[in-house]
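Residues per chain are reported as follows:
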Amino acid sequence: MSAISRRRPHGAPAYIQRSRATLSNAVNANARARIPRARVAYLALAFVVGYVLFESEFLFHGNHSEGELQKEKIQGAHNGSSAALLHDGHEEEYHAAEVAMGERLLEGEKEFVAAARSLSPITDKVTTHRYHPMYGQFLLPYYHRKPSMKMLEIGLGCDMNYEPGASVALWRKLFPKANLWEAEYNGTCVELATKQGKLDGFNTLVGDQGNDKTLDEWIEKSGGNFDVIIDDGGHQNCQIMASFLKLWPTVKPGGLYFIEDIQVGKWRGFRRYSTASCEKTFTFSDKLQEWLDDLVYQGGYGSHKWDVHFMYCQAEACVLGKKPLESDSNPHVKHQLLAEESLFVETAGSLTPITDKITTHSFYTMYGQFLIPYYRRKPSMKMLEIGLGCDMNYEPGASVALWKKLFPQADLWEAEYDAKCVELAKKQGKLDGFNTLVGDQGNNQTLDGWIKKSGGEFDIIIDDGGHHNCQIDASFAKLWPTVKPGGLYFLEDLSVGKWMGYRKYSTATCPKTFIFSHKLQSWLEDLIYQGGYGSRKWDIQFLFCQAEACVVGKKPPETSKD
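All of the points below concern the structure found in this document.

Rules and cut-offs
- Residues numbered from 1 in each chain as written.
- Predicted model: local features only at pLDDT ≥ 70, side-chain atom pairs only at ≥ 80, totals over all residues.
- Heavy atoms only, no water.
- Buried < 20%, exposed > 50% of the residue type's maximum accessible area, 1.4 Å probe, protein only.
- Helix = DSSP H or I, 4+ residues; strand = E, 2+ residues; numbered from the N terminus.
- Pairing = 2+ DSSP bridges.
- Right-handed = clockwise from strand over helix to strand, strands pointing away.
- Disulfide = S-S within 2.5 Å.
- Core = buried A, V, L, I, M, F, W, Y, C linked by side-chain atoms within 4.5 Å.
- Contact = heavy atoms within 4.5 Å.
- Axes fitted to C-alpha atoms, helices over the stretch in contact; angles between N-to-C directions.
- Parallel < 35°, antiparallel > 145°, perpendicular 65-115°, else oblique.
- Polar contact = N/O pair within 3.5 Å; in protein donor to acceptor, adjacent residues only side chain to side chain.
- Phe/Tyr/Trp six-rings, centres within 6.5 Å; stacked < 30°, edge-to-face > 60°.
- Lys NZ or Arg CZ within 6 Å of the ring centre and 35° of its normal.

Quick word on the pairing of strand β11 (residues 458-463)
Point 1. Where burial is concerned, most of β11 is hidden: six out of the six residues are buried.
Point 2. The sheet contact formed by strand β8 (residues 382-386) and β11 spans four bridges and is parallel. Paired with Ile 386 across the strands is Asp 463, a residue of β11.
Point 3. As paired strands, β11 and strand β12 (residues 483-491) are joined by five bridges and run parallel to one another. Across the sheet, the residue bridging to Ile 462 is Phe 490, located in β12.
Point 4. Handedness of the crossover joining β11 and β12 through helix α18 (residues 469-479): right-handed.

Below, the structure written as structure tokens:
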């Protein structure tokens, strides 16, 4: 927005309005109450000074530099998000939410946890489990964009050790304008909950979520066409799979499908259910690993290309996003974008050359959903990108220009293998505002040198470097420990991991046969099983994968219990 086009905000600030009212009252009452003229004069002077300050503030902010305008645009992209819709007066509730969870929370997570903890009984989504990341980051923003959303939850909680309907009460509180549906196996429990008023405002469906006939009846009765589906039902592997196969096609483009309690998939008690097409030996987390490969390889190397847009997995649970509707509103992207994604694409498209992050690839999805919001929360973030693009078919530095424009207040670092290319880019001014690192990202000694020179302590790392499997692995092993709690590690171009040309690099600890996407699958298991069944428990908070790329989130800082 240009300075010329800025309009005066509607209404003066509260302190101006109070001064006006006080002055008016004082003048009107002067004759009656014989208030000393000195006091009236003082109030008049206070009003004039306050008004001048207000005018000056407006004029000053109407004369933004390009960097300030960019910052304003980034902040404006979040209008309609959960963060933008939080109201004053919730500070104590949100602080209590952070104390209860023992960690720093994002704004949507605070809203979710605070709402859940205000109810009795408290849903296990924020007690036994910690599902606030996926609901806070995906479900609440979806509702804020579309309050009329149609949502189905499977599982009323009739077998919980507290009374059923805890999550129903939460959805009713959080989503008062939504079209809400609840499905449950236990018909008697549903009737009782209905009589008790627990299901007021909800439409109900009854039956076994693993039965195809039942699922068809649910779709017919509800009309399908859901924005959001939450599977918190029987948790049997074959039930989850049967429900997904039938209900995923009913999810609207851009919709969300949440799956809870996946960690029980290897428990013996949850491997007793089968269907005609699903054996008891089936484990749903194996299917998630396949879907991860589908996203990374996009139909290549035995994977499948279907309408999954992304997959986000956290402790014990995942959410899948469906591809959005097509759109011709942007010349570079042919489908609908979220506000932050649109900002990323528009900014990249305004530069020459245009980075392949929005042309050949669709990395605006993960950068729009994670990187831009991170900068909005912390403009002073320290970010390292590996890969200047010296071997691109256009000149190097396209992403450098993008970061410079998007993040003018950040502490920016760029690492590149080709030293001559770096020197030339410096002379051309392309690396103005950047600190540089040079060398092979697959070499441990080089990586130690990078950490020593930079001081580590990165908020963000982006690996857009050599793309060889062993390079990616070596960099992650060394650099992940330098990422701050709550930080992000982006991995681009994972799709080349099975190309023969990218399987010629090895290290002393990494053979050429290693494929990095296999490690991603093991991280998926780590998240779901949290140290059980041969998995590992470490400081990963989530794994978000989209076409050809992923971002790994680090666990946030802890909070004190006071």
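Focus: the state of the cysteines
Point 1. For the coordinates displayed, the defined rule picks out six disulfides.
Point 2. A disulfide bridge connects Cys 158 with Cys 189, and the sulfur atoms are separated by 2.0 Å. Residues Cys 158 and Cys 189 are joined by a disulfide whose S-S torsion is about -90°; by sign, that bridge is left-handed. Remark: Cys 189 occurs in helix α9 (residues 187-195) and Cys 158 occurs in the loop between β1 (150-154) and α8 (166-174); sequence separation between them is 31 residues.
Point 3. Owing to a relative accessible area of 12%, Cys 189 belongs among the buried residues under this scheme.
Point 4. Across the disulfide, Cys 313 is cross-linked to Cys 318 (sulfur-sulfur distance 2.1 Å).

Concerning the nonpolar core
Point 1. Among the nonpolar cores identified, the biggest contains 80 residues, and Trp 171 and Trp 403 are the most heavily contacted of them.
Point 2. Counting residues per element, this core draws most heavily on helix α14 (residues 364-377), at eight residues.
Point 3. Dropping the residues within four chain positions of it, Trp 171 is found in contact with Phe 112, Lys 125, Tyr 135, Leu 139, Met 151, Glu 153, Leu 180, Phe 202 and Ile 230.

A word on the packing of helix α11 (residues 237-247) against helix α12 (residues 284-297)
Packed helices, taken two at a time, are described by the angle their axes make and the gap between the axes.
Point 1. Two elements in contact, α11 and α12, have axes separated by 9 Å at closest approach and are oriented at 45°. In terms of their interaxial angle, α11 and α12 are classed as oblique. From α11, Asn 237, Ile 240, Met 241 and Phe 244 reach across to α12, where they touch Phe 284, Lys 287 and Trp 291.

Here's the deal with α11
The periodicity of an α-helix, 3.6 residues per turn, causes residues three or four positions apart to be oriented the same way.
Point 1. Most of α11 sits out of view: nine of its 11 residues are buried.
Point 2. Here α11 has its buried residues at Asn 237, Cys 238, Gln 239, Ile 240, Met 241, Ala 242, Ser 243, Phe 244 and Leu 247.
Point 3. Elements in contact with the buried residues of α11: β1, α10 (212-222), β4 (226-231), β5 (251-259), α12 and β7 (317-322).

As for the pairing of β1
Point 1. In terms of residue burial, β1 counts as a mostly covered element, since five of its five residues are buried.
Point 2. What you see with β1 is no split at all: Lys 150, Leu 152 and Ile 154 on one side and Met 151 and Glu 153 on the other are buried throughout.
Point 3. Relative to strand β2 (residues 179-184), β1 runs parallel, the two being bridged by five bridges. Residue Ile 154 lies in a different strand from β2, and its bridge partner there is Ala 183.
Point 4. Two elements, β1 and β4, share four bridges in a ladder whose sense is parallel. Looking at β4, one finds that Glu 153 is bridged to Ile 230.

What to know about the environment of Thr 214
Point 1. Tracing the sequence through the fold places Thr 214 in helix α10.
Point 2. When its relative accessible area of 12% is taken as the criterion, Thr 214 is described as buried.
Point 3. Put simply, Thr 214 and Ser 243 are 29 residues apart on the chain and 9.9 Å apart in space, counted from C-alpha to C-alpha.
Point 4. Among all residues touching Thr 214, those that are not within four sequence positions of it are Val 206, Gly 207 and Asp 208.

Things to note about the environment of Glu 492
Point 1. By secondary structure assignment, the location of Glu 492 is in the loop between β12 and α19 (516-529).
Point 2. On a C-alpha basis, the gap between Glu 492 and Asp 463 in space is 6.2 Å, while along the polypeptide they are 29 residues apart.
Point 3. Leave out the neighbours within four places in its chain, and Glu 492 touches Lys 357, Phe 363, Met 366, Tyr 367, Ile 462, Asp 463, Asp 464, His 467, Glu 548 and Ala 549.
Point 4. Only 2.4 Å separates the side chain of Glu 492 from the side chain of Tyr 367, close enough to count as a polar contact.

So, the packing of aromatic side chains
Point 1. Applying the stated rule across the entire model yields 40 aromatic pairs.
Point 2. Geometrically, the ring pair formed by Phe 244 and Tyr 257 is edge-to-face, given 4.9 Å between the ring centres and 65° between the ring planes. With Phe 244 in helix α11 and Tyr 257 in strand β5, the pair connects residues that are 13 residues apart, well separated along the chain.
Point 3. Of the residues examined, Phe 244 reaches a relative accessible area of 4% and is grouped as buried.
Point 4. Ring centres 5.0 Å apart and planes at 25° place the aromatic pair Tyr 312 and Phe 542 in the stacked group. Within this pair, whereas Tyr 312 is found in strand β6 (residues 308-314), its partner Phe 542 is found in strand β13 (residues 540-546), the two being separated by 230 residues in sequence. Here Tyr 312 matches Phe 542 in class, with each residue buried.
Point 5. Members of the aromatic cluster, each reached through a chain of ring pairs, are Phe 476, Trp 480, Tyr 489, Phe 514, Phe 516, Trp 523 and Trp 538.
Point 6. A cation over a ring is seen here: Lys 266 above Tyr 529, with NZ or CZ 4.6 Å from the ring centre.

Read these as spatial facts, not as claims about activity.
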